[in-house]
Structure formats: structure tokens, C-alpha cells
Amino acid sequence: MDVIKSEQSPPCEISPQKALALYVSMQLSKWRYTVLRNFSLKEGLKYPSYYLLLKEKNECYPSKEDISVTETSVKIRLQSLLDLTVRRLIVSLKDDTHTRDPLVLDSKGGFDGASTQSVYHQSTSANDSDLATVFMASIVPLKLSTVSGITVWENDRPSSTAYCRPWWNEIAAFEAEITALTPTTNGNSTINHNLMLTMIDGKVHSIISETSAAVCDLCKARPVEMNDLQKVRAKPVNEDMYKYGLS
């Protein structure tokens, strides 16, 4: 009796980019990823090796020359971070029809702080109270579009921390870096940047406007004046504060 062996189809290969996205979103450990990969291979689904996964992960970081680290701070050059963000977005696109057209990346940036962080066996010249407080600046890409208005990519979760790109600086230096930004080139395409400092809370907005939390950041109206609409309307408004959004 002849036995006919059925030929198995070659396993479907998962790209390192997709595997890395799964690895990060599910917060997998090396062991869990290896178990998942071995099981998937038996089911005809081929994930890249952990070595290739780490190699792809390294492609998501700016160059070491653009990262400065001290014992109390970490800073990434803004231009380098936006250049990398644009190039990674273009790599992830399924439809690259418009990627050769002039593009614009709209992003938002801002600050936030957190205190009472755990301090344990930190070897540094700073005191414990400095280490217990963390202040972070970050940016979030919102939309990549052509100059004519065609949306190439859009962030479907603009308020999710998953899209935050950590970055650090003071407000004056932040705005100076924004002013100095140059277009990113990716192959034949040129991408201009539109970065808005709107990802801030009321406390940060008050610091920028040099007012207290109880005073209006736009017209300087005090609580006792806010019920007198005629008086409030007569106050001069600092329109330069509009660019920071309405917190």
C-alpha cells in the first residue's frame, strides 16, 4: 500500500517590526517570547529569533551621540528624536504611495512631574529629596500628512502613554530646539515638523505664565473678579499663551 505524505506549507514568517510591537504591547519577557516562538513554529507561524528582535529594538533608539546621561538626568536631542520617529513611521506604513511627497508631522509636547518616588541604594551626590521627584518632558506624534492635506498616518490613541517619546529639557530650551528644527529627509521625501507645546496640565501652564493656580493664565483675573464678566472682558488677554492650549 502506497503512503502519500502531505507536503507541509512553509511557515508564515512574522516581520521583526510586528514581533517587536507584540513583544512591547504584551510586556513579554525573554522567556515568554521564546516559549511563544517555539509553540508558534510548531503551528506554522515563524517569529524572528530573540537576537533579531533585540536588533530591531536597537533600531528604535537614537544614536548614542544624541543621548546625554548624568547621575540626575537623561536628555535626547529633539531633532534626532523626531527624525527617528518619522523614519520608523514610514517603515511601518503598508501604503507608501504618498511617502515621496513633501510631508508634515504634527506632534504635541509637554511636561509632567511625579514626586514621592522610591529611593533605594542610589549612589549619587544628590540628596534623597531630589531623587524622589521626577520631571519628564515628552512628545507624541499625532498625524503624518502631505502638504496637500492627505493623511498618511494618524495616531488613533493620542492620549495613550504608549505613544509618548521621552525627552527632557526646560521650557526655554524646549522652545529654542523647536525653533531650530530642520526638515527630516527619508529617501526622496522631505518631512517638516509642526510641534505644539500643548501636553501640559494647569500647574505647568501656571508656571509658564508666571501666575498662581487660582489666577487666570490668560487675563490674570483673580477669583474675586471672575464673577464680574464686564470687568473680566475689559482685561487685556495675553494671546501668546494660546499656543500652549487651554488646560
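- As recorded in an unreviewed UniProt entry, the protein goes by the name Vitellogenin, listed as coming from Euphydryas editha.

### A few points about the pairing of strand E7 (residues 151-154)
1) Next: With three bridges joining them, strand E6 (residues 134-146) and E7 adopt antiparallel strand pairing. Across the sheet, the residue bridging to serine 145 is threonine 151, located in E7.
2) Next: The loop that links E6 with its antiparallel partner E7 comprises four residues; one of these, glycine 149, has a positive phi angle of about 105°.

### Some remarks on the packing of aromatic side chains
1) Next: Summed over the entire model, instances satisfying the criterion amount to four aromatic pairs.
2) Next: Both rings, one in tyrosine 33 and one in tyrosine 47, keep their centres 6.3 Å apart while their planes meet at 85°; by these two values the pair is edge-to-face. Highlighted residues: tyrosine 33 in helix H2 (residues 30-42) and tyrosine 47 in the loop between strand E2 (45-46) and helix H3 (50-58), separated in sequence by 14 residues.
3) Next: An aromatic cluster is defined as three or more aromatic residues linked by ring pairs; in this entry it consists of Tyr23, Tyr33, Tyr47 and Tyr50.

### Some remarks on the packing of helix H1 (residues 16-25) against H3
1) Next: Where H1 contacts H3, the axes come no closer than 9 Å and their chain directions differ by 85°. Between H1 and H3, the angle falls in the class roughly perpendicular. Residues Pro16, Gln17, Ala19, Leu20 and Tyr23 of H1 pack against Tyr50, Leu53, Glu56 and Lys57 of H3.
2) Next: Looking at the contact of H1 with H3, its residues break down into six nonpolar, one polar and two charged.

Rules behind the numbers
- Residues numbered from 1 in each chain as written.
- Predicted model: local features only at pLDDT ≥ 70, side-chain atom pairs only at ≥ 80, totals over all residues.
- Heavy atoms only, no water.
- Pairing = 2+ DSSP bridges.
- Helix = DSSP H or I, 4+ residues; strand = E, 2+ residues; numbered from the N terminus.
- Phe/Tyr/Trp six-rings, centres within 6.5 Å; stacked < 30°, edge-to-face > 60°.
- Axes fitted to C-alpha atoms, helices over the stretch in contact; angles between N-to-C directions.
- Parallel < 35°, antiparallel > 145°, perpendicular 65-115°, else oblique.
- Contact = heavy atoms within 4.5 Å.
- Nonpolar A, V, L, I, M, F, W, Y, C, P; charged D, E, K, R; others polar.

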